[in-house]
Amino acid sequence: MTAPRVRACALVVLLAALTALLAPVASAHESTPVGVQRIELSLGARTLALTITAPPEGGGRMPVVVLPRGEALPGDVTLAAVRPGEDPATAPVVVPAAPVGQPHEVVLTADGVGAWEIAVADGSTIARIPITVAAPAPTPRWVWAVRIGAVLGVVALIAALAPSVRQRPRLALALGAAAIVGLTIAATAVATAPATSTAATTAATPAAAPVDPAAVPAGGHAGHGGGAMPDMRGMSATDVPADMPAMGPGAVVVTARTGPGAQAGAPTDLELDLTDGSTGAVVDDLTIHDDALIHLAVIGPDGQLAHVHPVRTAPGRYVVRVQPATGGRYGVFAEMERAGDGGHQVARTAFDVAGPAAPAIPAAPGAGVRQVAGMDAEVTTPAAVAGRPTRVSVAFTRRGGAPVTDLQGWLGMAGHLMLLGPGLSGVPDPADPASAFGHVHDMSAAGPAGTYGPQVGFDYTFPRAGRYALWVQVQRDWQIVTVPVTVDVAAAAAPTP
Ligand SMILES: [Cu+2]
């Protein structure tokens with residue numbers, strides 16, 4: 001080979017080596033892992049599902065997809081990325097009213113490190129979703145070693161191959177040795193580099209802690225303050241023991257307050273203030289879990305359940321619109337997760353509504369077929385015994401018998417079951433702290449089309465005998481379908497000697 005060809009070949013090899021060496025460095029440093037977070041908002045009378053793509057480390061573009069669900073409502077909503085507490089009116093992005101199920105993407109900008117809020121306004125309420133933009137991680141030492149070693153090696157090698165240097169063998173040899181040393185340093189740094197770390201830039205959803213199914217207590221109670229029920233056949237659940245005071249370190253106390261003159265039959269904004277049960281401090285460290293900051297069950301004396309997702313309007317303050325149908329005392333169950341070791345918990349409170357009182361919860365049908373939202377819902381519950389796992393399932397068919405297979409996932413699951421246990425009177429009473437509350441998930445995998453059905457099922461261990469009110473919830477055509485069910489639970493027989 002001629003000298004120019006040797007040089008050309010050496011150059012190609014060098015460039016290839018340089019590219020190979022620098023490639024992992026570039027990907028480790030420049031491409032920020034992108035976190036995508038879904039959050040459900042009950043904003044005024046609207047239901048919106050937001051999909052937020054976190055900005056890169058250091059700040060930048062933040063695409064948000066807004067999906068209206070539930071009822072189509074006139075009027076725009078506006079979105080803005082603001083610093084905490086800032087007025088979002090200065091540069092809002094308008095999301096025009098759209099039919100339910102039709103997503104609309106807007107791009108916000110959070111161009112700095114630290115705390116931000118995505119402000120979502122409907123003209124009367126401003127929801128503020130907290131977002132944290134992480135600082136870019138400092139370049140690790142091994143990356144600098146790769147860079148310096150590679151540059152040194154390549155420059156020395158090119159210099160060693162220069163015609164003028166090749167006529168001076170000692171210098172060429174020294175440069176060649178320097179090139180080998182540089183490239184060796186770079187290669188060693190790559191080989192010994194730690195695995196790339198990822199930094200979340202948005203409110204993180206902590207993974208559910210694995211639970212040992214063998215640890216199910218005989219009584220069926222699992223955890224206090226709404227600890228996760230042991231998983232059974234892919235199910236997960238939340239259970240609030242009766243008489244549960246949501247106290248203990250880090251337990252959140254929720255105070256509920258209706259608007260002035262809350263009246264049966266009229267919508268009212270329910271305000272929730274969150275404080276720490278131990279310190280009395282405002283609690284503002286909720287993380288998104290199951291696509292919401294707070295999952296709120298409001299259960300009326302008439303047996304109606306509203307499963308809504310209050311919006312954060314200020315630190316420690318959440319608001320949700322409710323429409324109580326009757327007068328009386330309403331039970332409120334707030335499921336949430338605190339950052340750090342706060343864990344998953346349920347806080348319980350109540351509020352009163354003026355107006356004619358309804359009788360105690362009328363019993364919904366038990367097992368069997370009932371019609372709901374244009375479908376036949378067939379409920380199956382085996383004879384339930386306190387302390388034994390029971391499977392409650394609902395099969396949906398269209399009128400005419402064809403199975404329903406187009407149920408949409410909601411909050412990341414095929415279906416939800418909420419339930420209220422018997423109070424001291426022996427029947428469910430949302431105002432009676434003796435009535436246990438539970439929330440169970442059907443976590444079955446979606447079908448090939450990404451939908452669910454025709455059946456959803458839930459495993460639950462009823463803690464004690466008595467009458468339970470259950471509400472099975474699925475989503476279809478962007479609407480939540482609720483199937484109320486009554487289950488009478490028998491006492492466990494005394495063990496025979
Ligand atoms: Cu929820």
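The notes below deal with the structure included here. Residue numbers run consecutively from 1 along every chain, following the written order of its sequence. Thresholds applied to this predicted model are a pLDDT of at least 70 for local features of residues and 80 or more for the giving and counting of side-chain atom pairs; totals over whole chains, interfaces and linings are not thresholded and use all residues. Values shown for side chains rest on all heavy atoms present in the structure; no hydrogens or waters enter the calculation.

### Describing the sheet that holds strand β3 (residues 60–69)
For sheets, the rule is that strands pair by backbone hydrogen bonds, running either parallel or antiparallel. Put simply, the test is: Pairs of strands are assigned from DSSP output, requiring at least two bridges between the strands. Secondary structure elements are defined from DSSP: runs of H or I of at least 4 residues count as helices, runs of E of at least 2 residues count as strands, and each element is numbered from the N terminus. An axis is simply a line fitted to the C-alpha atoms; with a helix, the fit covers only the stretch in contact. Between two such axes, the angle follows the N-to-C directions and lies from 0 to 180 degrees.
Across the sheet, 4 strands lie side by side as β1-β2-β3-β6; this open sheet has antiparallel pairing. Here the strands that pair on one side only, and so sit at the sheet edges, are β1 (36–43) and β6 (104–110). On average, each strand axis in the sheet is inclined to that of its neighbour by 25 degrees, with strand direction left out of account. By the bridge criterion, 7 bridges tie β3 to β6 in an arrangement that is antiparallel. Residue pairing across strands places Val-64 opposite Val-106, the latter belonging to β6.

### Digging into the sheet that holds strand β11 (residues 252–257)
Sheet architecture is open: 4 strands sit in the order β11-β12-β17-β16, paired in antiparallel fashion. In the strand order of this sheet, the two ends are held by β11 and β16 (311–314), each with one partner. Neighbouring strand axes in the sheet, compared pairwise and without regard to direction, differ in orientation by 35 degrees on average. Pairing analysis gives 6 bridges linking β11 to strand β12 (residues 268–276), with the strands arranged antiparallel. Opposite Thr-255, over in β12, you have Asp-273 as the bridge partner.

### As for the pairing of strand β28 (residues 479–490)
Judged from the 2 bridges that link them, strand β22 (residues 384–385) and β28 form a sheet pairing that is parallel. In the sheet register, Val-385 faces β28, and the bridge partner there is Ala-490. Both strand β27 (residues 466–476) and β28 contribute to a ladder of 11 bridges, which runs antiparallel. Counterpart to Arg-467 in the pairing with β28 is Asp-488. Taking the residues between adjacent antiparallel strands as the criterion, β27 and β28 are bridged by 2 residues, where Asp-477 takes a positive phi near 50 degrees.

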